Amino acid sequence: MTTAQPTDLDVQPSPLALLLLGREADPRSERGVECPGDLPAPSDPDLVARARAAKERLGDRVFVLGHHYQRDEVIQFADVTGDSFKLARDAAARPDAEYIVFCGVHFMAESADILTGDGQKVVLPDLAAGCSMADMATAEQVAECWDVLTEAGVAEEVVPVSYMNSSADIKAFTGKHGGTICTSSNAERALQWAFGQGSKVLFLPDQHLGRNTAVRDLGMSLEDCVVYNPHKPGGGLTPEELRAAKMILWRGHCSVHGRFSLESVQDVRARIPGVNVLVHPECRHEVVAAADQVGSTEYIIKALEAAPAGSKWAVGTELNLVRRLADRYAPEGKEIVFLDKTVCFCSTMNRIDLPHLVWALESLAEGTLVNRIEVDRETEGFAKQALERMLALP
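Calculation notes
Residues numbered from 1 in each chain as written. Predicted model: local features only at pLDDT ≥ 70, side-chain atom pairs only at ≥ 80, totals over all residues. Heavy atoms only, no water. Salt bridge = Lys/Arg side-chain N within 4 Å of Asp/Glu carboxyl O. Buried < 20%, exposed > 50% of the residue type's maximum accessible area, 1.4 Å probe, protein only. Helix = DSSP H or I, 4+ residues; strand = E, 2+ residues; numbered from the N terminus. Core = buried A, V, L, I, M, F, W, Y, C linked by side-chain atoms within 4.5 Å. Contact = heavy atoms within 4.5 Å. Pairing = 2+ DSSP bridges. Right-handed = clockwise from strand over helix to strand, strands pointing away. Axes fitted to C-alpha atoms, helices over the stretch in contact; angles between N-to-C directions. Parallel < 35°, antiparallel > 145°, perpendicular 65-115°, else oblique. Nonpolar A, V, L, I, M, F, W, Y, C, P; charged D, E, K, R; others polar.

(A) View of the pattern of salt bridges. Counting across every chain of the model gives 14 salt bridges. Close ionic contact of Asp44 with Arg50 constitutes a salt bridge, the shortest N to O distance being 2.7 Å. Residue Arg50 is classed as partly exposed on the basis of its relative accessible area of 27%. As a salt-bridge pair, Arg50 and Glu362 come within 2.8 Å of each other at their nearest N and O atoms. Here Arg50 is found in helix α2 (residues 47–58), whereas its partner Glu362 is found in helix α16 (residues 354–365), with 312 residues between them in sequence. By relative accessible area, which is 19% here, Glu362 ends up buried.

(B) Broad picture of the nonpolar core. Val101, Val161, Phe203, Met247, Leu357, Leu361 and Leu387 are the most contacted members of the largest nonpolar core, which has 75 residues in total. Sort the elements by how many residues they give to this core and α16 lands first, with eight residues. For Met247, the contacting residues outside a window of four places in its chain are Leu191, Phe195, Val201, Phe203, Gly210, Ala214, Met220, Asp224, Cys225 and Val226.

(C) The pairing of strand β10 (residues 276–279), seen in detail. Strand direction decides the pairing type here: β10 and strand β12 (residues 312–316), joined by four bridges, are parallel. Counterpart to Val277 in the pairing with β12 is Ala314. Bridge count between β10 and strand β11 (residues 293–294): two bridges; the pairing is parallel. Across the sheet, Leu278 pairs through a bridge with Gln293, a residue of β11. The parallel pair β10 and β11 is bridged by helix α13 (residues 285–290), and the resulting crossover is right-handed.

(D) Seen up close, the environment of Lys121. Along the polypeptide, Lys121 turns up in strand β4 (residues 121–123). Along the chain, Lys121 and Glu374 lie 253 residues apart, while their C-alpha atoms are 7.9 Å from each other. Leave out the neighbours within four places in its chain, and Lys121 touches Glu98, Tyr99, Ile100, Leu369 and Arg372.

(E) Examining the sheet that holds β12 more closely. Read across the open sheet, the four strands follow the order β11-β10-β12-β13; overall the sheet is parallel. Only two strands of the sheet have a single neighbouring strand rather than two, namely β11 and β13 (335–338). Sheet contacts for helix α15 (residues 319–329): β12 and β13; angle to β13, the most-contacted strand, approximately 165°.

(F) Highlighting helix α5 (residues 106–115). When you tally the buried positions in α5, you get 10 out of 10 residues, the bulk of the element. His106, Phe107, Met108, Ala109, Glu110, Ser111, Ala112, Asp113, Ile114 and Leu115 are the residues of α5 that are buried.

(G) Geometry of the packing of α5 against helix α17 (residues 377–391). With their axes 10 Å apart at the nearest point, α5 and α17 run at an angle of 90° to one another. Regarding the angle of α5 to α17, the classification is roughly perpendicular. Where α5 abuts α17, its residues Asp113, Ile114 and Leu115 lie against Glu380, Ala383, Lys384 and Leu387. Split into classes, the residues belonging to the contact of α5 with α17 amount to four nonpolar, no polar and three charged.

(H) Fine view of the pairing of strand β3 (residues 99–103). With five of its five residues buried, β3 lies for the most part within the structure. As judged from the five bridges shared by strand β1 (residues 62–67) and β3, these two strands associate in the parallel manner. Among the inter-strand pairings, Gly66 is bridged to a residue of β3, identified as Cys103. Both β3 and β4 contribute to a ladder of three bridges, which runs parallel. The residue bridging Ile100 from the neighbouring strand is Val122, located in β4. Taken together, β3, α5 and β4 constitute a β-α-β crossover, and its handedness is right-handed.

The following block contains the structure:
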């Protein structure tokens, strides 16, 4: 018997593999690139003082936005906090601020640029702060999907509804094809509006929010939903399946919320008797179905604020927010735990740290504009149409 010896194989890693390994960059991806220049060392004991001093030097010229999922070290410098759309609207409501420093991710900064004035400049402290969900739908893929719908003879019946967590290109596609944007708090109203315009919806890019809203809120069945996979010919669907479907869901998901499982819910109920399970609608359908309450980030915050003293909660959303809420309400006797046993931050959101914020603020204070997020005029025009349709929802 002989033993086969290993041979050198001429195998080249794919561009995606290189990207995941951090050895390649996709200029069209929201992952972006690392910011230029020298960052302060994370160990610098003066970072807080430096951030405060730079912000004071800039005064009313700068407006700092902090998403709920940001680190505490960053959120302390935010003038306002909120979810992605609330922050974009807050930015638009401050037309006198020359600089909008968005502590969030790329698609959020794009939305702020679309909604703010021409003279305002939106800055993302780290261009590598992207969103894996938004990256799951590219403009080229969505254009190909529309071709598939056209060939199936259903495109004229389809109204696109895109989640706020999407790139400016996807928002522009939505606006160009008569659709609207939604958030996790108004997805039901957006779908009701869309079904008043057509008989089918193409929901981008989060399949779970689309499915949960259609089934849980609008009373559809799971059979009314199909999943379009951009990595398969024809989306992996037959023309007959597309004609029969009411909800055509894009095969995308949130890397954080998608990890929660039915087993997570069952485990926490066994460990903490009487616990209330509260989850975000980006979670899988079986998790949402097993939860006690389901709602957007703002809903989660308000629900825990209103919860009675001594109540117990397992929360299925990003860990930075869960920890912050747990600390805030511990003195009131509220027990708040993370739904999953495994620690899971939003890795891209966490790219915005104190050194990046200090670097951005000090650069602006010295008169150097860095990491500006700017959407081209044509894309901005169509994307703004979609956003304005959302703003007009009853």
